[in-house]
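# Tertiary structure, described
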Amino acid sequence: DGGITQSPKYLFRKEGQNVTLSCEQNLNHDAMYWYRQDPGQGLRLIYYSQIVNDFQKGDIAEGYSVSREKKESFPLTVTSAQKNPTAFYLCASSIPGTADTQYFGPGTRLTVL
Amino acid sequence: EDQVTQSPEALRLQEGESSSLNCSYTVSGLRGLFWYRQDPGKGPEFLFTLYSAGEEKEKERLKATLTKKESFLHITAPKPEDSATYLCAVQEGSQGNLIFGKGTKLSVKP
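Residues numbered from 1 in each chain as written. Chains lettered and ligands numbered in written order. Predicted model: local features only at pLDDT ≥ 70, side-chain atom pairs only at ≥ 80, totals over all residues. Heavy atoms only, no water.

Before going further, it helps to spend a moment on unusual backbone geometry. In this structure, P8 of chain A follows S7 of chain A across a cis peptide bond, with omega equal to -10 degrees. Structurally, the position occupied by P8 of chain A is in the loop between β1 (4–7) and β2 (10–13). Backbone torsion omega between S7 of chain B and P8 of chain B reads -10 degrees, so that peptide bond is classified as cis. With respect to the element layout, P8 of chain B can be found in the loop between β1 (4–7) and β2 (10–14). The phi torsion at A77 of chain B lies on the positive side, around 45 degrees, for a residue other than glycine. Tracing the sequence through the fold places A77 of chain B in the loop between β8 (70–75) and β9 (84–92). The exposure class of A77 of chain B is partly exposed, given its relative accessible area of 36%. (Helix = DSSP H or I, 4+ residues; strand = E, 2+ residues; numbered from the N terminus. Buried < 20%, exposed > 50% of the residue type's maximum accessible area, 1.4 Å probe, protein only.)

Taken residue by residue, the interface counts 20 residues in chain B and 21 residues in chain A. A combined buried area of about 1,500 Å² lies between chain B and chain A, and 53% of that area is made up of carbon and sulfur atoms. Of all residues in chain B, the largest losses of buried area upon contact with chain A belong to P44, N97 and F100 of chain B, amounting jointly to 29% of the total for that side. Our enumeration of links across chain B and chain A arrives at one salt bridge. (Contact = heavy atoms within 4.5 Å. Buried area = accessible area lost by both parts, 1.4 Å probe. Salt bridge = Lys/Arg side-chain N within 4 Å of Asp/Glu carboxyl O.)

Right, let's get into the state of the cysteines. Residue and element names in this part refer to chain A. What the rule picks out here adds up to two disulfides over all chains. Across the disulfide from C23 sits C91; the S-S distance is 1.9 Å. The sign of the S-S torsion, about -70 degrees, decides the handedness of the disulfide formed by C23 and C91: left-handed. Of this pair, C23 sits in strand β3 (residues 19–25) while C91 sits in strand β9 (residues 87–94); the two residues are 68 residues apart in sequence, bridging distant segments of the chain. (Disulfide = S-S within 2.5 Å.)

Here the structure, examined in full by the defined rule, presents 11 aromatic pairs over all chains. Ring centres 5.6 Å apart and planes at 65 degrees place the aromatic pair Y103 of chain A and F46 of chain B in the edge-to-face group. Taken together, the residues span two chains, with Y103 of chain A in strand β10 (residues 103–104) and F46 of chain B in strand β5 (residues 45–50). Residue Y103 of chain A is classed as partly exposed on the basis of its relative accessible area of 35%. Using a relative accessible area of 23% as the deciding quantity, one classes F46 of chain B as partly exposed. Aromatic rings pair up to connect Y33, Y35, Y48, Y103 and F104 of chain A together with Y36, F46 and F100 of chain B into one cluster. (Phe/Tyr/Trp six-rings, centres within 6.5 Å; stacked < 30°, edge-to-face > 60°.)

And the structure:
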């Protein structure tokens, strides 16, 4: 089955720790995205990558980092510099085109203890 | 300034009671408008992409329409399993990233 997988589903972090969220896709999509979702707010773009070894900051990139070494993988690191990391994190992918329909993974819920 | 506004924030319907959800947008050069369904604790599930004013798409009890300033998601004779949050997003011609609204939470009671 083709799709997007995210792991882990739940993640707990102590203050001051960095954590890495995994995102893998086997849809052969070129573009991948990371969003953050908070209650009562729309999805906000953290980082995106249109091609391997290249990525751009989104609207709320501060305190986050990414890499894109393989087409299938786009891990997100939440660093200790992120002030309010507790949120639901969503990864998506798309084929760039006229209008890029994005397909989402199941999400990772990060809680800072 | 909100570029994508969804209304109402929440909607409670009885089973079989048809209604519509609204998504208004203020972007220039619309490349596409997207509707997603999201269940609690899960990722958004893609429903429709609309490209130009006048376009309509249907899937089971859902029908999406698009004008130059807004889109409607019509739900005909809803069932309890249609309960979810419905998200609208637009893609501008200048950059390509999606701009999401805050969603409409739909509850359908039997």
